[in-house]
Amino acid sequence: MIKAPATTGAGTPATEGKSLRERVEHQWHLFASDQPGERFVNLHKRRQEQRQGNFSWSRILFVGAGILLIIAGLFFMAVPGPGLPVLVAGLGLMGSESLVMARGLDWTELKLRPPVLKLKTRWDALTSRTRLYCWCGVGALVPPPPSAC
C-alpha cells in the first residue's frame with residue numbers, strides 16, 4: 001500500500017514552490033486552527049513528519065535558536081525590551097522539537113487561557129479614555145532608562 005504524501009510539511013504539495021513567507025503563513029494558519037491544548041503537540045508532529053531520518057541540521061538550528069531566544073527573553077525581562085514575546089517565541093521553537101516541551105506548552109495554554117480571556121473581555125469593555133488612563137498609569141510606574149552619561 002502506497003501512503004499519500006502529507007500536505008502540511010515543507011516540500012509537500014501544499015508548500016512546494018511557495019516563498020518562505022507563504023510557507024510560514026501556512027504553518028501559522030495550521031497552528032492557529034488547531035484546538036487549544038493540542039496546538040504545540042500537533043506542531044511537533046508536523047515538524048517530525050517533515051524530517052526524513054534521525055539527523056537534521058534544521059533540528060539543531062531550531063533548538064539552538066530556541067535556546068538563544070529563551071535566554072534573550074529572560075534578559076529582556078530584566079531590562080527594557082520585548083522580554084515576554086521573545087521568551088514565548090523561544091519556547092515555541094523548543095516545543096516544535098521536543099514532545100515533552102510541546103505537552104508542557106499545551107498544558108500551560110489551557111491553564112492561562114481562561115484568565116487571559118477574562119482580562120481581555122474587561123479591557124474591551126473599557127472606554128478609550130479609561131484605556132488611555134491605564135496606559136498613562138503604567139507609564140508612570142515604569143522607571144526611566146538609566147542615563148548614558
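Scoring rules and cut-offs
- Residues numbered from 1 in each chain as written.
- Predicted model: local features only at pLDDT ≥ 70, side-chain atom pairs only at ≥ 80, totals over all residues.
- Heavy atoms only, no water.
- Helix = DSSP H or I, 4+ residues; strand = E, 2+ residues; numbered from the N terminus.
- Expected span 1.5 Å × (residues − 1).
- Buried < 20%, exposed > 50% of the residue type's maximum accessible area, 1.4 Å probe, protein only.
- Arc of directions from axis to C-beta.
- Contact = heavy atoms within 4.5 Å.
- Core = buried A, V, L, I, M, F, W, Y, C linked by side-chain atoms within 4.5 Å.
- Axes fitted to C-alpha atoms, helices over the stretch in contact; angles between N-to-C directions.
- Parallel < 35°, antiparallel > 145°, perpendicular 65-115°, else oblique.
- Left-handed = near helix turned anticlockwise from the far one by under 90°.
- Nonpolar A, V, L, I, M, F, W, Y, C, P; charged D, E, K, R; others polar.

### A word on helix α1 (residues 20-33)
No. 1: Spanning 14 residues, α1 covers 20 Å between terminal C-alpha atoms, matching the ideal 20 Å at 1.5 Å per step.
No. 2: For α1, the complete set of buried residues consists of His 26, Gln 27, Leu 30 and Phe 31. With its buried residues spanning 135 degrees around the axis, α1 presents them on a single face. The exposed set on the far side of α1, more than 90 degrees from its buried face, consists of Arg 21, Trp 28, His 29 and Ser 33.
No. 3: Looking at the buried positions of α1, the neighbouring elements they touch are α2 (39-50).

### Quick word on the nonpolar core
No. 1: Phe 31, Phe 40, Val 41, Leu 43, Ala 102 and Leu 105 together form the largest nonpolar core, which totals six residues.
No. 2: Of all the secondary-structure elements, those providing two or more residues to this core are α2 and α5 (99-125).
No. 3: Broken down by element, this core gets its largest block of residues, three residues, from α2.
No. 4: Contacts of Leu 43, omitting those with residues within four sequence positions, involve Phe 31, Gly 92 and Ser 96.

### Structural notes on the packing of α2 against helix α4 (residues 83-97)
When two helices pack together, you describe them by how their axes are tilted relative to each other and by the distance separating the axes.
No. 1: Between α2 and α4, the least distance of the axes is 7 Å, while the angle of their chain directions is 55 degrees. When the interaxial angle is binned, α2 and α4 end up oblique. Classified by chirality, the crossing of α4 by α2 is right-handed. Only Gly 92, Gly 95, Ser 96 and Glu 97 of α4 make contact with α2, whose side of the interface consists of Phe 40, Leu 43, His 44, Arg 47 and Gln 48.
No. 2: Here the contact of α2 with α4 is built from residues that sort into two nonpolar, five polar and two charged.

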